[in-house]
Amino acid sequence: MKFFIDTANVEEIKKGLEMGLVDGVTTNPTLLSKEKKNPDAVIGEILSVVDGPVSLEVIATDTKGMCEEARRLASLGTNAVIKIPMTEEGIKAVRTLSREGIKTNVTLIFQPVQALIAAKAGATYVSPFIGRIDDISLRGMDIVEDILVIFSNYMFETEVIVASIRNPLHVLQAALLGADIATIPFNVLKQLMNHPLTDIGIERFLKDWQSIKK
Ligand code: E4P
């Protein structure tokens, strides 16, 4: 299972790389806006520090505009992947870009048939948004399960990125289902390594060690 980091913050990406937990990066306009810097400069820096795929989202909403933006973003680095929203115009763009050899990540997927359509169009990745489905009191992870069955039924090579992850349980569920990738915010990435019993255990070992040293 690959771990991507869901951030546009270069410091977080560098820390994640040091932990060995960053196989790729996903960004979006909201994450880039949080950096309060020139987005092109941030994108350039991310592409230079990460070897793995970096998803960069288009802003245009029409096919022609999306394709033009995608070609520009793809020219910024060999590891650039273009995030395209799951719309009719977006799917037409994915079909064109896929023929041109440009990698795409179809984003804002909320039901399994959207993922099927994206895979048929030649998407490299699909991103179902789990947390946002949970937020409206539905089971986000159910759609990941369905997408994985559909992709296996028809042997699609499109990889599933479990996105909109809010907590370590989402990562566990994604792993149990065999999802290809989880894209994880930095705070959750750190939480994955923690357990209060680990901390208590270390504290007790150190205390006992001190007692025999006296
Ligand atoms: C995925 O690629 C998105 O950037 C991200 O996971 C969205 O998550 P959110 O619902 O926390 O904004």
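Residues numbered from 1 in each chain as written. Predicted model: local features only at pLDDT ≥ 70, side-chain atom pairs only at ≥ 80, totals over all residues. Heavy atoms only, no water.

J.: How should the site of the ligand be read in this particular structure?
T.: Taken together, the residues surrounding the ligand are Asp6, Thr26, Asn28, Lys83, Phe129, Arg132, Ala163, Ser164 and Arg166. Lysine 83 is positioned such that a nitrogen or oxygen atom in its side chain is 2.6 Å from an oxygen atom of the ligand. In the environment of the ligand, an oxygen atom lies 2.7 Å from a nitrogen or oxygen atom belonging to the side chain of serine 164. Calculation on the ligand without its partners gives an accessible area of 340 Å², and the protein chains cover 85% of this total. (Near = heavy atom within 4 Å. Polar contact = N/O pair within 3.5 Å; in protein donor to acceptor, adjacent residues only side chain to side chain. Areas by Shrake-Rupley, 256 points an atom, 1.4 Å probe, with all protein chains shown as cover.)

J.: Would you explain the pattern of salt bridges in this entry?
T.: Should their charged atoms come close, side chains of opposite charge can pair. Counting across every chain of the model gives seven salt bridges. The partner of glutamate 159 in a salt bridge is lysine 2, and the shortest N-O contact between them spans 2.7 Å. With glutamate 159 in strand 7 (residues 159–162) and lysine 2 in strand 1 (residues 2–6), the pair connects residues that are 157 residues apart, well separated along the chain. Judged by relative accessible area, which is 30%, lysine 2 ranks as partly exposed. The shortest N-O distance in the salt bridge between lysine 83 and glutamate 57 comes to 3.9 Å. Linking lysine 83 in strand 4 (residues 80–85) with glutamate 57 in strand 3 (residues 54–57), this pair joins segments that are 26 residues apart in sequence. Note on lysine 83: relative accessible area 4%, which makes it buried. (Salt bridge = Lys/Arg side-chain N within 4 Å of Asp/Glu carboxyl O. Helix = DSSP H or I, 4+ residues; strand = E, 2+ residues; numbered from the N terminus. Buried < 20%, exposed > 50% of the residue type's maximum accessible area, 1.4 Å probe, protein only.)

J.: Explain helix 11 (residues 196–213) here, please?
T.: For an α-helix, the turn length of 3.6 residues means that residues three or four places apart are oriented alike. The terminal C-alpha atoms of helix 11, which comprises 18 residues, lie 26 Å apart, in line with the 26 Å expected from a rise of 1.5 Å per residue. By the criterion of burial, helix 11 is predominantly exposed, with just zero of the 18 residues buried. (Expected span 1.5 Å × (residues − 1).)

J.: Help me out: how do you make sense of the packing of helix 4 (residues 63–74) against helix 5 (residues 88–99) in this one?
T.: Two numbers describe a pair of packed helices, the interaxial angle and the distance between the axes. At a closest axis distance of 8 Å, the pairing of helix 4 and helix 5 adopts a crossing angle of 45°. The angle between the axes of helix 4 and helix 5 places the two elements in the oblique class. As helix 4 runs across helix 5, the sense of the crossing is right-handed. Across the interface between the two elements, Thr63, Met66, Cys67, Ala70 and Arg71 from helix 4 touch Glu89, Gly90, Lys92, Ala93, Thr96 and Leu97 from helix 5. (Axes fitted to C-alpha atoms, helices over the stretch in contact; angles between N-to-C directions. Parallel < 35°, antiparallel > 145°, perpendicular 65-115°, else oblique. Left-handed = near helix turned anticlockwise from the far one by under 90°. Contact = heavy atoms within 4.5 Å.)

J.: Just checking my understanding: could you explain the layout of surface pockets for this structure?
T.: Which parts of space are left empty comes out when a probe the size of a water molecule is rolled across the atoms. If you add up the space inside the largest pocket, you get close to 370 Å³. Around the largest pocket, the lining comprises 24 residues; the ones closest to its centre are Asp6, Asn28, Leu31, Lys34 and Pro185. Of all the secondary structure elements, the ones that give two or more residues to the lining of the largest pocket are helix 2 (29–34) and helix 10 (186–191). Considering only residue class, the lining of the largest pocket consists of seven nonpolar, 10 polar and seven charged. Elements with a minimum of two residues in the lining of the second largest pocket: helix 2, helix 3 (39–49), strand 3 and helix 4. (1 Å grid on protein atoms, 1.4 Å probe; cavity = no way out; pocket = protein on both sides within 12 Å on 5 of 7 lines; lining within 4 Å. Points joined across faces, edges and corners; volume = space filled by probe spheres on them. Nonpolar A, V, L, I, M, F, W, Y, C, P; charged D, E, K, R; others polar.)

J.: How do you make sense of the environment of leucine 206 when you look at a structure like this?
T.: Along the polypeptide, leucine 206 turns up in helix 11. Its relative accessible area of 51% is what places leucine 206 among the exposed residues. When the C-alpha atoms of leucine 206 and isoleucine 102 are compared, they prove to be 54 Å apart, with 104 residues separating the residues in sequence.

J.: Please clarify how the side chain of threonine 7 should be interpreted in this entry.
T.: Structurally, threonine 7 is set in the loop between strand 1 and helix 1 (10–18). A relative accessible area of 4% means that threonine 7 is categorised as buried.

J.: How should unusual backbone geometry be read in this particular structure?
T.: Negative phi characterises most residues that are not glycine, and trans characterises most peptide bonds. Within the chain, lysine 36 stands out as a residue other than glycine whose phi angle is a positive 50°. Among the secondary structure elements, lysine 36 is positioned in the loop between helix 2 and helix 3. Backbone geometry places methionine 155, a non-glycine residue, at a positive phi of 50°. With respect to the helices and strands, the residue methionine 155 is situated in the loop between helix 8 (140–153) and strand 7.

J.: Hey, could you run me through the packing of helix 1 against helix 3 in this one?
T.: Remark: helix 1 packs on helix 3, axes separated minimally by 10 Å, with the N-to-C direction vectors making an angle of 10°. The angle between helix 1 and helix 3 places the two elements in the roughly parallel class. Of the residues in helix 3, those in contact with Val10, Ile13, Lys14 and Leu17 of helix 1 are Glu45, Ile46 and Val49. Among the residues making up the contact of helix 1 with helix 3, the classes are represented as five nonpolar, no polar and two charged.

These values are about where atoms sit, not about what they do.
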